[in-house]
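Residue-level listing of the chains:
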Amino acid sequence: MDVNETIRPRQGSGSTAAGAVERTPEFRWLMDAYAGLRRDLFHDAFAYRPLPPRRTDGAVARRLPGRTGEAAAYLPHAVVCFFAFLAMAYGYERSLSGLTGGFTFLLSGLLLAGPVVMTLVRPIGAFWLSCAAVVLTGMMADHGTMSPWTPGSGLMHLTVLAVVALRTRPRVSLNMWLVTLGLGVVLSVVSGRADTLGSVQVAIFFGMVLLVISVGHIRKDAERQVSAEKSVTAVERDRRTVLEERTNIARELHDVVAHHMSVVAIQAEAAPYRVENPPPELAQAFATIRENAVAALTELRRVLGVVRAEDYEAPDAPQPTLADLDGLLANVREAGLPVEKVVTGAVRELPQGVELSAYRIIQEALSNTLRHAPGSGARVEIGYVLGGLGLRILNGPATSEAGPSQGSGHGLTGMAERVAMLGGQMTAERTAEGGYEVTVFIPVAAAEPEPDREPEPGVDLAKRTEERT
């Protein structure tokens with residue numbers, strides 16, 4: 001049973017059980033409020049909490065020359081000291097009862113300026129010191145009114161409340177206001193000045209100032225929370241996009257690798273029948289190759305199969321390669337994007353994973369051009385070099401306003417994931433003309449090109465594919 005639950009007497013008993021205390025919701029609320037008051041104003045009240053210098057990287061502070069910019073970091077400290085001087089000046093206008101001359105100036109200055117200056121190092125302790133100064137000046141000062149508040153003590157206490165409220169949280173402001181209200185009422189009664197209404201009015205004015213400061217605190221906290229949530233959301237969105245892209249890559253590679261492993265298993269099984277009277281050792285070797293291929297294929301499907309969603313269906317057509325690029329470019333041209341393709345180097349067959357990733361990168365880059373640069377033209381450059389494959393997708397500036405994007409906004413992240421998976425490098429940046437350029441290099445192990453597969457620079461890849469077929 002919760003200890004805070006209301007304990008009711010049992011039926012048939014004349015009184016509450018011995019030792020049980022009835023705790024009503026009001027009583028619990030008062031206890032919680034008292035506990036909060038103790039934590040805010042009593043626990044480590046005189047702890048050392050210096051006010052740090054303000055940041056000097058703002059738009060105005062950066063323009064200040066030399067030491068002036070460094071001194072700007074202590075502007076809040078100077079403002080607090082200025083208000084301490086004002087409180088001392090207002091307090092000196094009224095002499096304390098029975099005290100004159102320099103001693104009055106010294107005492108009033110320490111009583112009224114001290115708490116304000118103390119807010120810079122011990123804010124909660126400064127509040128209690130301000131309350132003590134209000135008691136002394138209210139009881140001893142002869143200011144000709146029935147209110148315990150003097151001009152100097154009022155300015156001093158308001159400054160202390162404002163500085164402490166700016167340095168703490170809204171709940172501390174509420175507790176300080178409650179203490180100030182009670183202090184003013186008690187002083188009005190004890191001092192014989194029955195101007196309780198005046199003390200309440202002063203407290204209401206203080207409360208309005210604290211309310212404005214607290215609202216500003218709450219707004220800043222809300223802005224920080226929203227900013228933090230946006231940052232977390234952006235990070236999570238990027239992470240989710242990376243995971244989704246890796247899942248897509250794993251699915252595609254699963255189809256590619258599974259196909260090749262199936263071919264290895266079938267050829268290993270058929271190989272002994274292609275040789276007349278094969279030696280037993282050769283037959284056993286092919287049988288071992290087939291068993292290992294089947295085992296690897298089973299394990300591959302077990303491990304990589306988990307990345308498939310329940311509604312995912314493997315495509316019937318084979319995964320696209322660079323040989324299918326002309327079909328993609330034709331579709332893009334039909335969508336209104338003029339595309340020029342240039343192929344340089346010795347066209348050769350690359351590993352299927354490289355071909356697939358290159359095709360997807362070009363596809364995504366052209367899709368981004370359609371979405372974000374309507375009316376522009378694009379150029380796709382494919383370079384076959386000795387150490388790998390180079391891609392460059394370039395588009396000009398948009399000639400019309402882009403409509404709302406229907407994509408996820410993380411196409412570059414997906415392209416970077418594919419390039420990183422293959423150990424390549426990628427850059428994506430704006431051009432001086434206002435367009436956009438994506439350059440990619442994917443390393444591929446060097447292989448001797450066949451003599452009849454060396455086209456002249458600029459030969460179209462589709463034409464070369466038709467010649468091979």
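Residues numbered from 1 in each chain as written. Predicted model: local features only at pLDDT ≥ 70, side-chain atom pairs only at ≥ 80, totals over all residues. Heavy atoms only, no water.

### Thoughts on the overall build of the protein chain
(1) Moving on: Regarding its fold elements, the protein chain presents 13 helices and five strands.
(2) Moving on: Counting every position in the protein chain, which comprises 469 residues, the buried fraction comes to 33%.
(3) Moving on: Sequence separation of 24 or more characterises 72% of the internal contacts of the protein chain that already satisfy a separation of 6 or more.
(4) Moving on: Total accessible area on the protein chain is roughly 28200 Å²; 59% of this is exposed by carbon and sulfur atoms. (Helix = DSSP H or I, 4+ residues; strand = E, 2+ residues; numbered from the N terminus. Buried < 20%, exposed > 50% of the residue type's maximum accessible area, 1.4 Å probe, protein only. Contact = heavy atoms within 4.5 Å. Areas by Shrake-Rupley, 256 points an atom, 1.4 Å probe, with all protein chains shown as cover.)

### Describing the sheet that holds strand β5 (residues 436–443)
(1) Moving on: Reading across from one edge, β1-β2-β3-β5-β4 is the order of the five strands in this open sheet, with mixed pairing throughout. Of all strands in the sheet, those with a lone pairing partner are β1 (339–345) and β4 (425–430), marking the two edges. Pairs of neighbouring strands in the sheet enclose a mean axial angle of 10 degrees, with direction left out of account.
(2) Moving on: Pairing geometry for strand β3 (residues 388–395) and β5, over eight bridges, is antiparallel. The residue of β5 that forms the bridge with Ile-393 is Val-438.
(3) Moving on: Contacting β2 (378–385), β3 and β5, helix α11 (residues 352–372) runs over the sheet at an angle of about 10 degrees to β3.
(4) Moving on: In this fold helix α12 (residues 411–421) packs onto β4 and β5, with an angle of close to 155 degrees to the strand it touches most, β4. (Pairing = 2+ DSSP bridges. Axes fitted to C-alpha atoms, helices over the stretch in contact; angles between N-to-C directions.)

### A closer look at helix α1 (residues 25–42)
(1) Moving on: End to end, α1 covers 25 Å across 18 residues, agreeing with the expected 26 Å (1.5 Å per residue, within 8%).
(2) Moving on: Looking one or two places after α1, you find Asp-44, whose phi comes out positive at around 50 degrees. (Expected span 1.5 Å × (residues − 1).)

### Re unusual backbone geometry
(1) Moving on: Residue Asp-44 is not a glycine yet carries a positive backbone phi of 50 degrees.
(2) Moving on: Here Asp-44 shows up in the loop between α1 and α2 (66–71).

### Thoughts on the nonpolar core
Nonpolar side chains in soluble globular proteins tend to be buried together.
(1) Moving on: If you look at the biggest cluster of nonpolar residues, it comprises 32 residues, and the most contacted ones within it are Phe-127, Met-156 and Met-176.
(2) Moving on: Looking at this core, the elements with two or more residues in it are α3 (75–92), α4 (101–118), α5 (123–140), α6 (151–167), α7 (170–190) and α8 (196–270).
(3) Moving on: Excluding residues that lie within four positions of it along the chain, Phe-127 makes contacts with Leu-41, His-157, Val-160, Leu-161, Met-176, Val-179 and Thr-180.
(4) Moving on: With 30 residues, the next largest nonpolar core counts Leu-325, Leu-337, Val-343 and Ala-365 among its residues. (Core = buried A, V, L, I, M, F, W, Y, C linked by side-chain atoms within 4.5 Å.)

### Concerning the pattern of salt bridges
(1) Moving on: The full count for this structure, using the stated rule, is eight salt bridges.
(2) Moving on: With a shortest N-O distance of 3.0 Å, Glu-340 and Arg-379 are connected by a salt bridge. Separated by 39 residues along the polypeptide, Glu-340 in strand β1 and Arg-379 in strand β2 bring together distant segments of the chain.
(3) Moving on: Arg-379 gets classed as partly exposed once you look at its relative accessible area, which sits at 26%.
(4) Moving on: The shortest N-O distance in the salt bridge between Arg-379 and Glu-381 comes to 2.5 Å.
(5) Moving on: Glu-381 gets classed as partly exposed once you look at its relative accessible area, which sits at 21%. (Salt bridge = Lys/Arg side-chain N within 4 Å of Asp/Glu carboxyl O.)

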